[in-house]
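Coordinates in review
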Amino acid sequence: VSTTRLLLHESRRQALPILGVAAVAEVVLALALLHSSAEGPLLEGWLYVDAAARLFVVIAATVLAGVTLYVWNRVRVSPRLAPGLSSFTGYTVGFMGALTLAILSNHLALTWIAVEASALFAVPLIFHHKTPESVSAAWRYHLFSTLGLATAFLGIVCLAHGAELSGQEGLFVRGVARAGPGNVWRSLGVLLVLLGYGAKLGLAPFYGWLADAYDKSPPAVTALLSAVQSSVVILAVIRVIDAFGASEPTIVNNVLVGMGLASMFVSTIHIVTQTNYKRLIAYAAMTHNGIVALGLGAGRTAAYGVMLYVFSNALVKALLFLTCGAIKARYRTKEVADLRGLIKEMPVSGLCFMIGTFALLGFAPFGSFLGEVLILEGLIRKHHIAMFIVFSVLLTIVLVALGRSLFPMIFGEARHGARRDEPLASLAPNILFLALLVALGIYVPRPLDELFTQVAARLGGG
Amino acid sequence: MTTFFVLFAVVALAPLFMGSWRSVLASLGAQALLLAGLVLVESPELDARAQLVVLELVLLRGIFAPAYLAWSVRRSPHAAKIDPIPANLVHWIFALGFLVAAGTFATRTGARGVHEAAHIATFASLFLLGFLVVLSQPTPVGQMLGALVVENGVLLAEELLEARWPILVQLGLAVVFAGSVLVFARFLRILQTTVMIASSVSGAAPDELALPLEEVDVL
């Protein structure tokens, strides 16, 4: 309703309050789901509340809250951003509504519809400022989304046909989870769904849209795409593994491991040659998606690590992309070479960027470190020694290349002179993500720990 | 039924090899209308689900989408250049290879009868050739046509299912398809505008979108 109202009636005064209400509603939903331990179907089984749904609603709510604060502050500081805010808010509310539906959906086709709807809402957000570069990036995003999701939907049709041939009906996740041995349609369906969702995640070889879309979008949109949409697509993959992992283990493992390793390899090459700090983080996000795919495919014993990694990296990506926005707003450049001594000139943003970079690189004590260690442990336990070696080598190259580019930018000799005060309001979202990230690195709260454990157990790990 | 799929394949594939953007869009609409006819034949007792499917196929996919996109494409600077599968040996070899692959795939899926094999071969051909169109087209209009061909391949695949989707899912599919058409049309308008701006500001050729505009403040 909010989306329709905002898109049909340009209403700048109502836009920010509506975005705030949407963020509060998402947070309330997350708290309500966390508070209630009940697990079960809603709306005649179309929706289902379980540990995974709780976990991903928490991610969505946290990122949306931070992005809302960020947008509110940007409009306060630069009033000329107000025109177009109405449509921005309308599409953002639609985007988040669709993704929340995808999180709670218990039907594979309904999940697909919600992810597709979120992709359609994301397109005008990417070209919000209508620069030629952003329009071009949005076109790539839309084209890859359309093709990737068409492939995934063909997979869902194949799964439904396979279920019919096996004498079963419906694609409710809880229903197909009890399905018996597979057939050719089911195998094909699982393959196509994983390839399609892999394209939506920007996994190689379908990664052509990712860096452009993340680089050319407004930072608030990049944070939503990389932290929320990516996580929800990972959840969609988890639902497929949950339902078909036991009956189609070879396809699930081979596809995810293949795409995961290829993504890590490709993103490593791009990271080594990249000079734009926002694109660097975009390719690091691609590496992360590759690690998650690898962890899900090869190391089901590492399922807990994957969950911790997904949660932690959603915060890292939101923190870093929003900080990129603050840096770009001040220096008007995205080139690493043009920036030195960030921590001296923008102390708090520099600190956020520094800690975000440490977490991005997988340093202790952050969740990404523990997640990577657990995934590596899973690889060893499963005797995937070659994979372990490739994973470690690529991760080391990424670490060195990212560190070589980003550390001088943070710690080098300042070039632009005066230190500039950063108002608390502008830092609130970054401080929120920073606090959560550090807290999560030091201590995983018990409710969250239980959610990680339950999702991991569902995936066969834990 | 086999005749139906042969007719469908001719309607769907011929414009890809020797057509223009107009014939591809007309073909997409005709495919939807043919599928609506199939649903009416297969479901003489038109229940609520079947009614919804027929409405979607006729109004949305058969009439609105092709007409609205044709109206949008007509104003695009790239419209005149579209040759869906370019007429050269490389593209035609790939296309024929995809057709053979689709036929082989149909025989290996354990199809129940010739008509099901024809059905599977047709949707697989459309799906694969749609990707070929996307890959071989340099302009947004051509790539959009390829993506729509892929989507129609999936639409035809849905007819494999004996039970129709639940109404909620069918409605959702119709809504996201309509959304997808609106986004494509909006892109065509915006790309036209950006091409015009690019030409006037930098004197660049329309295909070169490297615009030296100062980036505005961003959200």
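What you are looking at is a predicted structure, and each value in this text was computed from that prediction instead of being measured.

Here we take up the overall build of chain B. Looking only at helices and strands, chain B features 7 helices and 0 strands. Helices (α) and strands (β) of chain B occur, in sequence order from the N terminus, as α-α-α-α-α-α-α. With 219 residues in all, chain B has 54% of them scored as buried. Relative to all contacts within chain B whose residues are 6 or more apart in sequence, the contacts with residues 24 or more apart total 72%. Taken as a whole, chain B presents about 9500 Å² of accessible surface, with 69% of it coming from carbon and sulfur.

Looking now at the pattern of salt bridges. All names here are of chain A. Taken as a whole and assessed by the stated rule, the structure comprises 13 salt bridges over all chains. The shortest N-O distance in the salt bridge between Lys334 and Asp215 comes to 3.0 Å. Separated by 119 residues along the polypeptide, Lys334 in the loop between helix 13 (303-331) and helix 14 (342-345) and Asp215 in helix 9 (residues 210-216) bring together distant segments of the chain. There is no split in this pair, since Lys334 and Asp215 are both buried.

All names here are of chain A. Relative to the 38 Å expected for 26 residues at 1.5 Å per residue, helix 10 (residues 219-244) spans 36 Å between its end C-alpha atoms, a close match to the ideal helical length. The largest bend in helix 10 is about 30°, located at Leu225. Judged by how many residues are buried, helix 10 sits mostly within the fold: 26 of 26 residues are covered.

This part covers the packing of helix 2 (residues 21-42) of chain B against helix 3 (residues 48-74) of chain B. Residue and element names in this part refer to chain B. Where helix 2 contacts helix 3, the two axes come as close as 9 Å, and the packing angle between them is 175°. On the basis of their axis angle, the class for helix 2 and helix 3 is roughly antiparallel. The segment helix 2 lies against helix 3, with Trp21, Leu25, Leu28, Gly29, Ala32, Leu33, Leu35, Ala36, Val39 and Leu40 engaging Ala50, Val53, Val54, Leu57, Val58, Arg61, Gly62, Pro66, Leu69, Ala70, Val73 and Arg74. Residues that form the contact of helix 2 with helix 3 fall into these classes: 18 nonpolar, 2 polar and 2 charged.

Taken together, the 53 residues of chain A in the interface contact 45 residues of chain B. Summing the contributions of chain A and of chain B, the shared interface buries around 4500 Å²; its carbon and sulfur component is 76%. Counting the surface chain A buries against chain B, the share from its top three residues, A:Pro132, A:Trp139 and A:Trp185, is 14%. Joining chain A to chain B, the criterion identifies 4 residue pairs in polar contact (both at pLDDT 80 or more). Elements supplying a minimum of two residues to the side of chain A that touches chain B: helix 3 (51-77), helix 4 (85-104), helix 5 (108-126), helix 6 (132-165), helix 8 (184-201) and helix 10 of chain A. A per-element tally of the side of chain A that touches chain B places helix 6 of chain A first, with 19 residues. Taken together, the residues that form the side of chain A that touches chain B break down as 37 nonpolar, 8 polar and 8 charged.

Reading the values: the criteria
Residues numbered from 1 in each chain as written. Chains lettered and ligands numbered in written order. Predicted model: local features only at pLDDT ≥ 70, side-chain atom pairs only at ≥ 80, totals over all residues. Heavy atoms only, no water. Helix = DSSP H or I, 4+ residues; strand = E, 2+ residues; numbered from the N terminus. Buried < 20%, exposed > 50% of the residue type's maximum accessible area, 1.4 Å probe, protein only. Contact = heavy atoms within 4.5 Å. Areas by Shrake-Rupley, 256 points an atom, 1.4 Å probe, with all protein chains shown as cover. Salt bridge = Lys/Arg side-chain N within 4 Å of Asp/Glu carboxyl O. Expected span 1.5 Å × (residues − 1). Bend = angle between axes of the 7 residues up to and from the residue. Axes fitted to C-alpha atoms, helices over the stretch in contact; angles between N-to-C directions. Parallel < 35°, antiparallel > 145°, perpendicular 65-115°, else oblique. Nonpolar A, V, L, I, M, F, W, Y, C, P; charged D, E, K, R; others polar. Buried area = accessible area lost by both parts, 1.4 Å probe. Polar contact = N/O pair within 3.5 Å; in protein donor to acceptor, adjacent residues only side chain to side chain.

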